[in-house]
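Below, each chain spelled out in residue letters.
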Amino acid sequence: MKTDTIRTGTKAMPPRPRRRGLFRLRQDIPAPIYSAAGIAVPLVLLLIWWAVTSLGIVRPLFLPSPMEIVAEGWRQLREGILWADASVSMYRILVGWLAATVIAVPIGVLMGSYRIVEGALEPLISTVRYMPVVALIPLSILWAGIGDVQKILILFLGTFFQQVLLIMDNVKNIDMNLIRAGQTLGMRNIEILMRIVIPAASPGIWDTFRITIGWTWTYLVVAELVAASEGLGRRIMDAQRYLATDTILFGTLFIGLLGLLTDVAFKRFGRAMFHWNR
Amino acid sequence: MTPPASGDTATLIAIDRVGKVYEGRGSPVVAIDEVSLDIGRNQFVAIVGTSGCGKSTLLNMVAGLDDPTSGSIAIDGRPVLGPGRDRGFVFQSYSLFDWMTVRGNIRFALEKTRMPAAEKAALVDRFIREVGLAGFEDAYPRQLSGGMRQRVAIARALVYKPAILLMDEPFGALDAQTRGMMQELLLNVWEDNRVTVMFVTHDVDEAVFLADRVIVMASRPGRVKKDIAIDIPRPRSFEVLTDPDFTRFKREILADIREETLKVMAMERP
Ligand SMILES: Nc1ncnc2c1ncn2[C@@H]1O[C@H](COP(=O)(O)OP(=O)(O)O)[C@@H](O)[C@H]1O
Ligand SMILES: [Mg+2]
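Note that residues are indexed from 1 along each chain, following the sequence as it is written. Think of it this way: whatever chain is written first is A, whatever ligand is written first is 1, and the rest follow in order. With pLDDT at 70 or above as the cut-off, local features in this predicted model cover only qualifying residues; side-chain atom pairs require 80 or more to be listed or tallied, and sums for whole chains, interfaces and linings still use all residues. Water and hydrogen atoms were dropped before computing side-chain values, which therefore reflect all heavy atoms in the structure.

Enquirer: Account for the overall build of chain B, with residues named and values stated.
Expert: Summing up its helical and strand segments, chain B has 7 helices and 10 strands in all. Taken over the C-alpha trace, chain B has a radius of gyration of 19 Å; the compact-globule value for 270 residues is 18 Å, and the two agree within 12%. Taken along its principal axes, the extent of the C-alpha atoms in chain B is 60 × 45 × 40 Å. The buried label goes to any residue with under 20% of its type's maximum accessible area, the exposed label to any with over 50%, and the partly exposed label to all in between, with areas taken from a 1.4 Å probe on protein chains only. Of all 270 residues assigned to chain B, the portion counted as buried reaches 52%. Contacts were defined at the residue level, with two residues in contact if any of their heavy atoms lie within 4.5 Å. Taking as baseline every contact in chain B between residues at least 6 positions apart, the subset at least 24 positions apart corresponds to 72%. Within the structure as shown, chain B displays about 12000 Å² of accessible surface, and the carbon and sulfur contribution to it stands at 51%. Lys and Arg are tallied as positive, Asp and Glu as negative. Neither His nor the chain termini are counted. We put the charge of a Lys on NZ, of an Arg on CZ, of an Asp on CG and of a Glu on CD. Charge-centre separation for chain B: the mean point of 35 positive side chains lies 3 Å from the mean point of 37 negative side chains. Segments assigned H or I by DSSP are reported as helices when at least four residues long, segments assigned E as strands when at least two residues long, and all are numbered from the N terminus. Computation of the radius of gyration draws on C-alpha atoms, with the globule rule given as 2.2 Å multiplied by the number of residues to the power 0.38. The method behind every accessible area is Shrake-Rupley, applied with a 1.4 Å probe, and residues are considered shielded solely by the protein chains displayed.

Enquirer: Describe in detail the site of ligand 1, supporting the description with residues and values.
Expert: Residues and elements named next belong to chain B. Near residues are defined by distance, with any heavy atom within 4 Å of the molecule or strand qualifying the residue. The environment of ligand 1 is formed by Tyr22, Ala31, Ser51, Gly52, Cys53, Gly54, Lys55, Ser56 and Thr57. Here an oxygen atom of ligand 1 and a backbone polar atom of Gly54 are 3.1 Å apart. Contact with the protein chains hides 59% of the accessible area of ligand 1, taken as 570 Å² for the molecule alone. When residues of the shell around ligand 1 are assigned to their parent elements, the largest contribution, 3 residues, is made by helix α1 (residues 55-63). Polar contact criterion, stated in full: a pair of N or O atoms within 3.5 Å, where within protein one must be able to donate a hydrogen and the other to accept it, and residues adjacent in sequence count only if both atoms are side-chain atoms.

Enquirer: Requested: an account of the packing of aromatic side chains, with residues and values cited.
Expert: Pairing of aromatic rings covers Phe, Tyr and the six-membered ring of Trp, with a centre-to-centre limit of 6.5 Å; geometry is then stacked below 30 degrees between planes, edge-to-face above 60, and tilted otherwise. Taken as a whole, this structure holds 17 aromatic pairs over all chains when the rule is applied. Centroid distance A:Trp206 to A:Phe269: 5.9 Å. Interplanar angle 35°. Geometry classified as tilted. Highlighted residues: A:Trp206 in helix α9 (residues 189-218) and A:Phe269 in helix α12 (residues 245-273), separated in sequence by 63 residues. Relative accessible area serves as the criterion here: at 18%, A:Trp206 is assigned to the buried category. An aromatic cluster is built from A:Trp97, A:Trp206, A:Phe209, A:Phe266, A:Phe269, A:Phe274, A:Trp276, B:Phe97, B:Trp99 and B:Phe108, whose rings are joined through pairwise contacts. Note that B:Arg85 overlies the ring of B:Tyr160, its terminal NZ or CZ placed 4.5 Å from the centroid. Residue placement shows B:Arg156 over the ring face of B:Phe97; its charged tip is 4.6 Å from the ring centre. For a ring to carry a charge above it, either NZ of a lysine or CZ of an arginine must fall within 6 Å of the ring centroid while also lying within 35 degrees of the normal to the ring plane.

Enquirer: Give a description of the interface of chain A and chain B that names residues and reports values.
Expert: On the side of chain B, 24 residues touch chain A, which itself brings 20 residues to the contact. By convention, the term buried area covers the 1.4 Å-probe accessible surface removed from two parts as they join, with the contributions of both added. Summing both partners gives a buried area of about 2000 Å² for chain A against chain B, and 60% of it is carried by carbon and sulfur. It is A:Thr184, A:Leu185 and A:Trp276 that lose the most area in chain A upon contact with chain B, and together they represent 34% of the buried surface on that side. Within this document, salt bridges are pairs made up of a side-chain nitrogen of Lys or Arg and a carboxyl oxygen of Asp or Glu, the two lying within 4 Å of each other. Put simply, chain A and chain B have 2 salt bridges between them.

Enquirer: Requested: an account of the nonpolar core, with residues and values cited.
Expert: We define a nonpolar core as any set of buried Ala, Val, Leu, Ile, Met, Phe, Trp, Tyr and Cys residues linked to one another through side-chain atoms lying within 4.5 Å. Core analysis: the largest hydrophobic core is formed by 135 residues, its most contacted members being B:Ile15 and B:Met198. In terms of residues, this core owes the most to one element, α9(A), which gives 11 residues. The next biggest cluster of nonpolar side chains, apart from the first, holds 6 residues, and it includes A:Val133, A:Ile137, A:Ile154 and A:Ala223.

Enquirer: Can you explain the packing of helix α2 (residues 31-54) of chain A against helix α3 (residues 66-78) of chain A? Please cite residues and give values.
Expert: When two helices pack together, you describe them by how their axes are tilted relative to each other and by the distance separating the axes. Residue and element names in this part refer to chain A. Here α2 crosses α3 at 100°, and the two axes come no closer than 8 Å. The angle between α2 and α3 falls in the class roughly perpendicular. Facing Leu46, Trp49, Trp50 and Thr53 of α2, the residues of α3 in contact are Pro66, Met67 and Ile69. The class makeup of the residues in the contact of α2 with α3 is 6 nonpolar, 1 polar and no charged. Every axis in this analysis is a line fitted to C-alpha atoms, fitted for helices over the stretch in contact. Angles between the N-to-C directions lie between 0 and 180 degrees. Here the word oblique covers every angle except those under 35 degrees (roughly parallel), over 145 (roughly antiparallel) and from 65 to 115 (roughly perpendicular). Residue type decides the class: Asp, Glu, Lys and Arg count as charged, Ala, Val, Leu, Ile, Met, Phe, Trp, Tyr, Cys and Pro as nonpolar, and the leftover types, Gly among them, as polar.

Enquirer: Describe the pattern of salt bridges, and please don't skip the residues or the numbers.
Expert: Counting across every chain of the model gives 36 salt bridges over all chains. Between A:Arg115 and A:Glu118 there is a salt bridge; the shortest N-O distance is 3.1 Å. Linking A:Arg115 with A:Glu118, this pair stays in helix α5 (residues 115-128), spanning 3 residues, or about one helical turn. A salt bridge links B:Asp33 to B:Arg223, with the nearest nitrogen and oxygen atoms 2.7 Å apart. Within this pair, whereas B:Asp33 is found in strand β2 (residues 29-40), its partner B:Arg223 is found in strand β10 (residues 223-229), the two being separated by 190 residues in sequence. Taken together, the shared-partner salt bridges connect A:Asp207, A:Arg210, A:Asp263 and A:Lys267 into one network.

Enquirer: I'd like a description of the confidence of the model for chain A, backed by residues and values.
Expert: Predicted coordinates in regions of low pLDDT should not be interpreted in detail. Residues and elements named next belong to chain A. With 93% of its residues at a pLDDT of 70 or more, chain A shows a mean pLDDT of 91. pLDDT is defined as a per-residue confidence score from the predictor, taking values between 0 and 100. Ranking the elements of chain A by mean pLDDT puts helix α1 (residues 2-8) last with 48 and helix α4 (residues 81-113) first with 97. Counting interchain partners and residues more than four positions distant, the pLDDT-below-50 stretch residues 1-6 has 0 contacts.

Enquirer: Could you give me a rundown of the sheet that holds strand β7 (residues 164-168) of chain B, with the residues and numbers involved?
Expert: Residues and elements named next belong to chain B. Taken together, the 6 strands give an open sheet; going across it, the order is β6-β7-β8-β3-β9-β10, and neighbouring strands pair in mixed fashion. Looking at which strands have only one partner, the edges of the open sheet turn out to be β6 (87-90) and β10. For this sheet, the mean inter-axis angle between neighbouring strands, taken without regard to orientation, is 20°. Of the pairings in the sheet, the one linking strand β9 (residues 213-218) to β10 comprises 6 bridges and is antiparallel in character. Along β10, the bridge assignment pairs Ile215 with Asp227. Together, β3 (44-48), β7 and β8 (196-200) form the strand contacts of helix α5 (residues 176-192), whose direction differs from that of β3 by roughly 145°. Packing against the sheet, helix α7 (residues 244-268) makes contact with β3, β9 and β10, and its axis sits at approximately 170° to β10. Here the rule is simple: two strands pair whenever DSSP picks up at least two bridges between them.

Enquirer: So what's going on with the side chain of B:Arg149? Which residues, and what values?
Expert: Within the secondary structure, B:Arg149 is located in helix α4 (residues 146-158). The buried charged residue B:Arg149 lacks any salt bridge, with B:Asp98 as its nearest oppositely charged partner at 5.2 Å. One polar contact links the side chain of B:Arg149 to the main-chain carbonyl oxygen of B:Pro141, over a distance of 3.2 Å. At 3.3 Å, the side chain of B:Arg149 and the backbone oxygen of B:Leu144 are in polar contact. When near neighbours in sequence (up to four residues on either side) are disregarded, B:Arg149 contacts A:Arg278, B:Tyr94, B:Leu96, B:Pro141, B:Arg142 and B:Leu144.

Enquirer: Which residues make up the side chain of B:Thr57, and what values go with them?
Expert: All names here are of chain B. As for its position among the elements, Thr57 is in helix α1. Here Thr57 falls in the buried class, since its relative accessible area comes to 9%. Only 3.5 Å separates the side chain of Thr57 from the side chain of Tyr22, close enough to count as a polar contact. Setting aside anything within four residues of it in sequence, one finds Thr57 in contact with Lys20, Tyr22, Ala31 and Ile32.

Below is the structure:
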């Protein structure tokens, strides 16, 4: 039988083995390998960093070694600076982001639900969101002084306009038939907004919260650029004057870490809250 | 007009020379032109036609979700001015409230009903049993199959006892087997809870199997092409599908739809 096919066929190609392994398009891979890859990359980078600094390839002024960064962190922790800075900064982030959110949610919901509100506000907000927030520092000081309010204002401005447009999209993405179902049940517009539109859009809105609070974190240094005595961003700007690269790097990494923790917390909380959403 | 095949002779839904023109960005689209229909109380009417012939438009106007450009629709003699609780709607997309359980979804429809809480709970439970979802009361919609979700939607649309049930291709997204089961279930539910049904579908078998009367629509603009009384006796079961009468109705309607499809194709040719 086998010889037959070989004789008749032009040249029997061996069946090409199905490609297995880690590089199949869009195919899942074992979870431990996925996680390991995520740990391996930073580890390798850390190793390169360590090698480059300990071999004296770059001067510590330009790039201090990982150990020096850890030592700097330990010093700030011991002297209580870290806690003082972090608490002040987190307070500003929280208030700035909350202020933006409290206003962005109702406006975004209205923009996503009523074409007239979208038409009235969307062009304005789309333009304003491209304004450079750094350029507004002088004005913000004029308006809000040099206290906490000015920092919070900058964080607000950096967050609000992006957030309101994202929330509008979250609301527009819900199934129109949910609204129509509410109408056929005899509900008034306000009831439909509160009891159908907002719950239906809430997983999306929560995701917007998670993304935008990340953006608020990135505006921290800008907010504390001027007229601040404390704060994680302030510490970095001060260190620039003394060329304290270890302080700069530690501060940057620490802000990144807090941002990451916020992100993870939002993800976890969202998954528990919106369990019905698969 | 063909007399109603069954149900009371009294007209419940009076659609009088209704037209709908969509003024879009481009040239206006005449979705429906001069459609007149009288639907008797407790009649089951199926509406079939090629895609885009205005079936959904007509149903939405009866629901009060959309306004006619011309003509008028009256229910029990009163003009339709907007959506109301005398009409229930089942959409093709399941349109359930995903954040509520099965029970929560159905109970939500009773919020505007004045009734003691215990009575409401009993009514909700009765409808859950009616659509065969006993045991799934506390499940969330995303945990259910398409057929089960649509059963929740049917219960939600019927629990507050509307006089009219409007269904826009409710089984269109289901696989053939599930669809067959759902059709039988719908007929059973309808036997127990007599309502007037307007059922939009593009599935001719489904229309003939379910309805007392099939309206075949013409396309571009949407008009009533034919009004056929389906006098196959009830109760009907799947065995009807091989009945010679069934085949005769089906052949007639398929021929009409084919004619419309060819007409549309000819219009689309440059
Ligand atoms: N909101 C709308 N704006 C403009 N045209 C529409 C709108 N809704 C439907 N149409 C048009 O009206 C016609 C009938 O649509 P529809 O009632 O959805 O048809 P069917 O449900 O029979 O497939 C189609 O040509 C469609 O393109
Ligand atoms: Mg349709």
